[in-house]
Amino acid sequence: AKEMGNNNFQFYAREMNASVEEKLVLLEGLRGALDEGQFHLLYQPKVDLRSGLIFGVEALIRWEHPEHGVVSPLRFIGLAEESGLIVAIGDWVLHTACRQNKAWQDAGLAPITMSVNVSPRQFEEKRLVERVAAALRESALAPGALELEVTESLIMRDLAQSVGKMRELEAMGLSLSIDDFGTGYSSLSALKSFPISSLKIDKSFVRELADNTDDQAIAMAVISLGHKLNLRVIAEGVETEQQCTFLRDNDCDEMQGYLFSRPVPAAQIAALLAEQARM
Ligand code: C2E
Ligand code: CA
Ligand code: CA
Ligand code: CA
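The model shown is predicted, which means the values in this text are computed figures rather than measured ones. Per chain, residues are indexed from 1 in the order of the written sequence. Chain labels run from A onward and ligand labels from 1 onward, assigned in the order the entries are written. Only residues with pLDDT of 70 or above have their local features reported here, since the model is predicted, and side-chain atom pairs are shown and tallied only from 80 upward, although totals for entire chains, interfaces and linings are computed over all residues. Calculation of side-chain values draws on the structure's entire complement of heavy atoms; hydrogens and water are dropped beforehand.

Counting secondary structure elements, the protein contains 12 helices and 9 strands. For every residue, the accessible area (1.4 Å probe, protein chains only) is compared with the maximum for its type, and the residue is labelled buried under 20%, exposed over 50%, or partly exposed between those bounds. Taking all 279 residues of the protein together, the buried fraction comes to 46%. Restricting to contacts in the protein with at least 6 residues of sequence separation, those with at least 24 account for 68%. Each accessible area is a Shrake-Rupley result for a 1.4 Å probe, and residues are judged covered by the shown protein chains and nothing else. When the accessible surface of the protein is summed, it comes to about 14,100 Å², and 53% of that surface belongs to carbon and sulfur atoms. Of the side chains in the protein, 27 bear a positive and 40 a negative charge, and the two mean positions are spaced by 4 Å. Counting from the N terminus, the helices are DSSP H or I runs at least four residues long and the strands are E runs at least two residues long. Only heavy atoms matter for contacts: two residues are in contact if any of them lie within 4.5 Å across the pair. This count recognises Lys and Arg as positive and Asp and Glu as negative, with His and chain-terminal groups excluded. By convention, the charge on Lys lies at NZ, on Arg at CZ, on Asp at CG and on Glu at CD.

Right, let's get into the confidence of the model for the protein. Looking at the protein, the pLDDT average stands at 92 and 93% of residues meet or exceed 70. Within a predicted model, pLDDT stands for the predictor's per-residue confidence, ranging from 0 to 100. Low pLDDT, under 50, characterises residues 1-12; the stretch is placed with 0 contacts to residues that sit more than four places away or in other chains. Across the assembled chains, the prediction reports ipTM 0.97 with pTM 0.93.

In this section: the coordination of the calcium ion (ligand 3). A donor here means any N, O or S atom no more than 2.8 Å from the metal (3.2 Å for Na, K and Ca); water is not included, so a site may seem to lack partners. The protein atoms that coordinate the calcium ion (ligand 3) are Asp180 (OD), Asp202 (OD), Glu236 (OE) and Glu236 (OE), at distances of 2.0 to 2.9 Å. Sequence spacing among the residues donating to the calcium ion (ligand 3) works out to D-x21-D-x33-E. Taken as an interatomic distance, the gap from the calcium ion (ligand 3) to the calcium ion (ligand 2) is 5.5 Å. Separated by 22 residues along the polypeptide, Asp180 in strand β6 (residues 175-181) and Asp202 in the loop between β7 (198-201) and α9 (203-206) bring together distant segments of the chain.

Let us now look at the packing of aromatic side chains. Centre distance within 6.5 Å is the pairing criterion for rings of Phe, Tyr and Trp, where only the six-membered ring of Trp is used; planes under 30 degrees apart are then read as stacked, over 60 as edge-to-face, and the remainder as tilted. Scanning the entire structure with this criterion turns up 5 aromatic pairs. Measuring from centroid to centroid gives 6.2 Å for Phe39 and Trp63, while their planes differ by 45°, and the two rings are tilted. In this pair, Phe39 is assigned in strand β1 (residues 39-48) and Trp63 in strand β2 (residues 54-65), connecting sequence segments 24 residues apart. Of the two residues, Phe39 and Trp63, neither departs from the other in class, the shared state being buried. On the basis of an interplanar angle of 80° and a centroid distance of 5.5 Å, the ring pair of Trp63 and Phe76 is categorised as edge-to-face.

Another point: the site of ligand 1. The rule for a residue being near a molecule or strand is that one of its heavy atoms must lie within 4 Å of it. Near ligand 1 there are 22 residues, and of these Gln44, Arg62, Lys203, Glu239 and Tyr258 occur at the shortest range. Two N or O atoms count as a polar contact when they lie within 3.5 Å, although within protein this holds only if one can serve as hydrogen donor and the other as acceptor, and sequence-adjacent residues are included solely when both atoms are side-chain atoms. In this structure, Asp180 approaches ligand 1 through a side-chain N or O atom, which is 3.4 Å from an oxygen atom. Between an oxygen atom of ligand 1 and a main-chain N or O atom of Tyr258, the distance comes to 2.8 Å. Protein chains bury 85% of the 800 Å² of accessible surface belonging to ligand 1 in isolation. Every element with two or more residues in the shell around ligand 1 is listed here: β2, α2 (73-83) and β6. Per-element accounting of the shell around ligand 1 gives the leading share, 4 residues, to β2.

Right, let's get into the side chain of Gln38. Mapping Gln38 onto the fold places it in the loop between α1 (2-33) and β1. By relative accessible area, Gln38 is classed as buried at 15%. Among the polar contacts listed, one links the side chain of Gln38 to the side chain of Trp63, at a separation of 2.9 Å. Ignoring anything within four residues of it in the chain, the contact list for Gln38 reads Gly29, Ala33, Arg62, Trp63, Glu64 and Pro66.

Another point: the nonpolar core. Grouping buried Ala, Val, Leu, Ile, Met, Phe, Trp, Tyr and Cys residues that are joined through side-chain atoms within 4.5 Å yields what is termed a nonpolar core. Counting residues in hydrophobic clusters, the biggest one holds 75 residues, and the most contacted among them are Leu146 and Leu148. At 8 residues, the largest contribution of residues to this core is made by helix α3 (residues 86-106). Sequence-distant contacts of Leu148, that is, excluding residues within four places in its chain, are made with Leu94, Val116, Val118, Val132, Leu169, Leu174, Ser175, Leu176 and Ser177.

The criterion for strand pairing is that DSSP finds at least two bridges linking the strands in question. Direction of pairing for β2 relative to strand β4 (residues 113-117): parallel, over a ladder of 4 bridges. Within β4, the residue paired with Glu58 across the bridge is Ser115. Examined bridge by bridge, β4 and strand β5 (residues 146-151) share 4 bridges and lie parallel to one another. Bridge pairing in β5 links Ser115 to Glu147.

Below, the structure written as structure tokens:
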């Protein structure tokens, strides 16, 4: 047993080295990725559970690394945060997403909301509000067609300052949504003071929704809490008909997940919207 423990340790140590090394390699690549045009956005539809229609999309970043292929944001957003690169990358995401939504509108497609993820360092940056305003101005997108997704833990890092920024953004006419709701910690009394329009039930509570009664209870509680606070409630990570049925039966407003569509390139969103207009 002792020997095995040793081997395990060596294996673990090797893994850790590999991952530190990997981090350095990725960080090195990340520095030039914007200039090299290695990022692109995919868009995942958000669907109204009653009508079944797409009312918005979430922009999700992808990094096409010259040697490693497509790198998941789960592997590089943290690094971008730590290194501060997230501010420039986040700006690029905002501008690209706003321009894309304007292009769909200009093509005569039904207007939809563009949701953009904002990470903590990006949100805390002094000029966030100006940066968002610049993206709207440059793209000529109406503020009402943009939504920012922020997490509870981000808001709770400096509650007063966060709520102040959120109010400024709300005053500009865009909307805010709490991402990964239920995974972070935010007091219910704080939630009341957030100028938000929706809550997103995290996919960790959706995964086993069909047969885990705890997850069912959590989903139902979030839906009822959201509605009592006059918020829309959206569930992410919906992959099966059973999950979808449960959510619809329990009055959830919207859903997002592989059941309807994976994140896809802009042209595919345009095709889905065009098809929807013909229905
Ligand atoms: P998130 O904001 O919670 O996004 C949802 C994630 O779930 C996305 O992963 C999406 O592709 C995935 N997903 C969607 N439907 C399903 C489903 O039915 N089943 C499962 N298992 N997964 C589903 P993705 O694209 O890999 O992004 C991971 C995270 O990276 C995001 O989590 C977000 O926190 C971050 N991220 C992505 N794009 C950006 C960005 O532009 N800026 C910032 N700051 N963060 C981003
Ligand atoms: Ca999100
Ligand atoms: Ca999530
Ligand atoms: Ca998230």
